[in-house]
Amino acid sequence: MAQATVQAAAGVRDAAHGDAGNGGRGEPFIPPRQGFLALRSGYSPHFRTGLAIAGAVALFLVWEIGAHSVSAEKARFFPPVENVLGALYNLFAMKGFIYDVLASCARIYSAYLLAILVSLPLAILMGAFQNVRATLNPTLSALRYLPAASFIPLLLVWFGPTDAAKVLLLFLGVVWFLVAGMLSNVMAVSGELIEAALTMGASRKTVVLNVILPAAGPHLMTSGRDLTAVAWTYLVIAEVIGAQSGIGAVMMRAGRFMHVDAIIAGILMIGILGVLTDAVFRVAHRLCFPWAR
Amino acid sequence: MMAREAFPDPGGREIPGGEAVHYPIEVDRVTKQYKNGAFTAVDNVSVRMAENEITAIIGPSGCGKTTLLRQIAGLEYPSYGRILMDGTVITGPARQRGMVFQSYTAFPWLTALQNAEYPMRIAGVPPAERREKAIEHLKLVHLESFQDYYPNNLSGGMRQRVAIARALGQDPRVLLMDEPFGSLDAQVRWEMEELTVEVEERTRKTIILVTHDIQEAIYVADRIIFMTRNPGKVKEDMVLEFKDGRRFTKKEDLIKHPGYADTEAKLYGMMREEIDKIRSGE
């Protein structure tokens with residue numbers, strides 16, 4: 001038996017050597033199949049895009065099946081996908097939902113802009129200068145532990161149910177986290193890049209604006225992107241309390257009339273806006289930092 | 001003249017014209033301590049580096065060679081003593097002393113050309129002029145066809161060549177190199193060593209090269225300072241006499257040169273002593 005195997009193996013070798021057609025190369029090698037949970041797989045990007053779509057479809061499928069399996073009298077509390085999409089269409093077509101969406105976006109982006117305007121210089125100054133960091137960082141870190149929602153009564157007393165109160169709440173919700181994230185980005189800039197600039201005779205200002213800022217740039221933008229999700233969270237909280245306009249206000253009103261489909265439509269809308277914001281950040285990242293990999 | 005006594009290196013050499021050799025860098029009894037004096041990285045070192053010469057500083061890890069170079073750059077200060085450039089005490093980094101680091105410091109957000117222009121840009125050189133000079137420097141390091149590449153798209157050796165071109169852009173009198181080829185492949189390293197000799201021949205800078213590679217030191221340098229560790233002192237200061245003041249554009253030509261093998265054996269012997277010292281826990 002063993003002898004037969006040896007002979008067979010030798011036969012294969014002879015055949016490979018004798019095959020002049022492929023220049024003496026061996027048989028095409030077929031690597032072992034690794035299955036779905038391959039650790040380092042070579043699945044194509046197309047395949048992975050397909051998986052991403054399948055994942056999203058699965059979510060809606062579960063929702064759809066769940067909605068259709070509740071009893072008829074409870075169906076209005078758990079509407080299926082098509083009802084929610086219908087409600088979303090209705091909101092836009094009949095209720096001027098676009099103005100609420102724009103109002104929410106205006107609040108969130110003005111608050112966000114304000115937060116960046118405060119956190120970016122703070123992060124750069126603290127990252128570049130040890131003494132500034134020693135002075136401010138402990139206090140700013142402590143502020144991160146104060147829940148932004150706990151400022152709501154104060155903001156209502158000071159500003160009433162105005163847009164200023166809402167923007168400030170959003171601002172408070174993200175600004176300290178932005179500072180912390182951006183500070184670590186600035187401090188991660190290689191000391192040798194700074195030293196290289198110094199040996200070229202660069203001034204302090206040149207080092208900060210011309211070395212530290214561009215070197216940290218891509219990471220700063222990523223930090224900024226990550227916190228947009230947090231800003232949306234506070235937006236809903238801000239609009240749930242005494243707001244006439246905005247996505248949150250619309251959802252609150254729908255809740256009073258138990259229009260669950262409209263509530264979920266609002267949630268869906270926020271999700272869509274979040275994904276769009278993320279996409280805009282991605283494109284901007286590629287355009288602003290073509291050199292980063 | 002009195003201060004000259006402090007320099008036990010082979011100073012006072014005469015060049016054929018009869019003029020005395022000029023020493024742009026003078027390290028004057030420098031001690032560098034860390035941890036409030038608990039650790040002495042550099043211990044009372046006095047050396048000076050001659051104009052247009054390549055001096056290699058070599059020694060085992062932790063012998064203070066990089067610390068010494070960083071102090072010459074002005075990135076660190078001595079605990080005792082002082083370092084002079086053309087007779088003036090060094091109190092910080094300055095453009096007369098360019099530096100090439102071991103890590104890749106070509107700015108990743110600038111193209112090769114923009115990197116080469118950078119020191120001239122911050123010095124306020126007009127755009128047309130600095131561009132012309134930067135292209136010239138990129139040609140010198142054989143990178144002219146990569147001028148629009150970002151460093152992330154260049155190999156390690158190419159990034160170091162960008163760093164050299166950039167350092168030349170500040171028109172330094174002294175070029176400091178801190179293990180610049182330490183993280184490169186052997187073959188790329190060899191290319192870069194030859195490039196360093198070529199750059200020196202064309203630009204006539206004073207180069208101080210810190211390395212742990214014996215062959216690199218012998219090939220590139222005109223003079224080798226061997227430092228020993230704990231505390232960091234100068235163990236030997238040797239002018240490579242066997243080279244006869246010549247520099248070799250090809251490394252293999254030097255290896256065939258009489259005297260090379262002896263020098264190499266001597267340095268390996270010195271390095272062996274250092275290794276044994278570390279092993280015996282000294």
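Rules used in this analysis
Residues numbered from 1 in each chain as written. Chains lettered and ligands numbered in written order. Predicted model: local features only at pLDDT ≥ 70, side-chain atom pairs only at ≥ 80, totals over all residues. Heavy atoms only, no water. Phe/Tyr/Trp six-rings, centres within 6.5 Å; stacked < 30°, edge-to-face > 60°. Lys NZ or Arg CZ within 6 Å of the ring centre and 35° of its normal. Pairing = 2+ DSSP bridges. Helix = DSSP H or I, 4+ residues; strand = E, 2+ residues; numbered from the N terminus. Axes fitted to C-alpha atoms, helices over the stretch in contact; angles between N-to-C directions. Contact = heavy atoms within 4.5 Å. Salt bridge = Lys/Arg side-chain N within 4 Å of Asp/Glu carboxyl O. Buried < 20%, exposed > 50% of the residue type's maximum accessible area, 1.4 Å probe, protein only. Buried area = accessible area lost by both parts, 1.4 Å probe. Parallel < 35°, antiparallel > 145°, perpendicular 65-115°, else oblique. Left-handed = near helix turned anticlockwise from the far one by under 90°. Nonpolar A, V, L, I, M, F, W, Y, C, P; charged D, E, K, R; others polar. pLDDT = per-residue confidence, 0-100.

**Student:** Requested: an account of the packing of aromatic side chains, with residues and values cited.
**Tutor:** The geometry of an aromatic ring pair is captured by the separation of the ring centres together with the interplanar angle, meaning the angle of the planes. Across all of its chains, the model carries 9 aromatic pairs over all chains by this definition. Ring centres of Trp158 of chain A and Phe159 of chain A lie 6.4 Å apart, and the angle between their planes is 85 degrees; on these two criteria the pair is classed as edge-to-face. These aromatic residues form a ring-pair network of at least three members: Phe289 and Trp291 of chain A together with Phe107, Trp109 and Tyr118 of chain B. Taking the ring centre of Phe77 of chain A as reference, the NZ or CZ of Arg76 of chain A above it sits at 5.4 Å. Just above the ring of Phe107 of chain B sits the side chain of Arg166 of chain B; from NZ or CZ to the centre is 4.4 Å.

**Student:** Would you mind going over the sheet that holds strand β10 (residues 233-239) of chain B in detail, with residue names and values included?
**Tutor:** Residue and element names in this part refer to chain B. Pairing is mixed in the open sheet, where 6 strands are placed in the order β6-β7-β8-β3-β9-β10. In the strand order of this sheet, the two ends are held by β6 (97-100) and β10, each with one partner. Taking the axes of each pair of neighbouring strands and ignoring which way they run, one obtains an average angle of 20 degrees across the sheet. As paired strands, strand β3 (residues 54-58) and strand β8 (residues 206-211) are joined by 5 bridges and run parallel to one another. Within the sheet, the bridge partner assigned to Ala56 lies in β8 and is Leu209. Running at roughly 175 degrees to β6, helix α4 (residues 156-169) makes contact with β6 and β7 (174-178) of the sheet.

**Student:** Can you tell me about the sheet that holds strand β2 (residues 39-49) of chain B, naming the residues and giving the values?
**Tutor:** All names here are of chain B. What the 4 strands build is an open sheet, ordered β2-β1-β4-β5; its pairing is antiparallel. Where the open sheet ends on each side, the last strands, each with one partner, are β2 and β5 (88-89). As defined by bridge partners, strand β1 (residues 25-34) adjoins β2 across 7 bridges and the pair is classed as antiparallel. Across the sheet, Tyr34 pairs through a bridge with Phe39, a residue of β2. Lying on the sheet, helix α1 (residues 65-73) is in contact with β1, β2 and β4 (80-85); it crosses β1 at an angle near 120 degrees.

**Student:** Help me get a handle on the pattern of salt bridges, residues and values and all.
**Tutor:** As enumerated under the stated definition, the model contains 30 salt bridges over all chains in all. Two residues, Glu239 of chain A and Arg107 of chain A, come together in a salt bridge whose shortest N-O distance is 2.6 Å. Here Glu239 of chain A is found in helix α10 (residues 228-240), whereas its partner Arg107 of chain A is found in helix α4 (residues 97-128), with 132 residues between them in sequence. What makes Arg107 of chain A buried here is its relative accessible area of 6%. Between Arg247 of chain B and Asp222 of chain B there is a salt bridge whose closest N-O contact spans 2.6 Å. On the criterion of sequence distance, the pair formed by Arg247 of chain B in the loop between β10 and α7 (251-256) and Asp222 of chain B in the loop between α6 (214-220) and β9 (223-228) is long-range, its members being 25 residues apart. Taken individually, Arg247 of chain B and Asp222 of chain B each receive the classification buried, so the pair is uniform in this respect. In this structure, a network of salt bridges that share partners links the residues Arg189, Glu193, Asp213, Glu216 and Lys251 of chain B.

**Student:** Pulling in residues and values, what's your account of the interface of chain A and chain B?
**Tutor:** Each partner contributes residues to the interface: chain A has 19 residues there, and chain B has 25 residues. Carbon and sulfur atoms make up 65% of the area that chain A and chain B hide from each other, which totals about 1900 Å². When the buried surface of chain A facing chain B is broken down by residue, Thr199, Met200 and Trp291 of chain A rank first, second and third, together holding 40% of it. Across the contact surface, chain A and chain B share 1 salt bridge.

**Student:** I'd like a description of the environment of Met269 of chain A, backed by residues and values.
**Tutor:** Residues and elements named next belong to chain A. As for its position among the elements, Met269 is in helix α12 (residues 260-288). Given the relative accessible area of 9%, Met269 is considered buried. Along the chain, Met269 and Leu88 lie 181 residues apart, while their C-alpha atoms are 8.0 Å from each other. Excluding anything up to four places from it in sequence, Met269 contacts Leu88, Phe92, Phe97, Val101 and Ile247.

**Student:** How would you summarise unusual backbone geometry if you had to cite specific residues and measurements?
**Tutor:** Residues and elements named next belong to chain B. Cis geometry marks the peptide bond from Asn230 to Pro231; its omega dihedral reads 0 degrees. Although it is not a glycine, Asn36 adopts a positive phi angle of roughly 55 degrees. Relative to the helices and strands, Asn36 is located in the loop between β1 and β2. Non-glycine residue Asn52 carries a positive phi angle of around 60 degrees.

**Student:** Now, about the packing of helix α2 (residues 112-122) of chain B against helix α3 (residues 127-140) of chain B: what can you tell me, with residues and values included?
**Tutor:** To characterise two packed helices, one gives the angle between the axes of the helices and the distance between these axes. Residues and elements named next belong to chain B. α3 packs onto α2 with a crossing angle of 125 degrees between their chain directions and a minimal axis gap of 9 Å. The pairing of α2 with α3 is recorded here as oblique in orientation. Note on packing geometry: the crossing formed by α2 with α3 is right-handed. Together, Ala112, Leu113, Ala116, Glu117, Met120 and Arg121 of α2 and Arg130, Arg131, Lys133, Ala134, Ile135 and Leu138 of α3 make up the contact between the two elements. Of the residues contributing to the contact of α2 with α3, the split by class is 7 nonpolar, no polar and 5 charged.

**Student:** I'd love a proper account of α2 of chain B, names of residues and values included.
**Tutor:** Owing to its 3.6 residues per turn, the α-helix aligns residues three or four sequence positions apart on the same side. For α2 of chain B, a buried count of 8 out of 11 residues is recorded, marking the element as mostly surrounded by other parts of the structure. Residues of α2 of chain B that are buried sit in contact with α9 (204-226) of chain A together with α3 and α4 of chain B. Downstream of α2 of chain B by one or two residues, Gly124 of chain B has phi in the positive range, about 80 degrees.

**Student:** Outline the confidence of the model for chain A, supporting the account with residue identities and numerical values.
**Tutor:** Residue and element names in this part refer to chain A. For chain A, the average pLDDT comes to 86, and 92% of its residues sit at 70 or higher. Taken element by element, chain A is modelled with least confidence in helix α1 (residues 2-18), mean pLDDT 48, and with most confidence in helix α8 (residues 191-199), mean pLDDT 94. Scored below 50 in pLDDT, residues 1-13 makes 0 contacts in the model with residues more than four places away or belonging to other chains.

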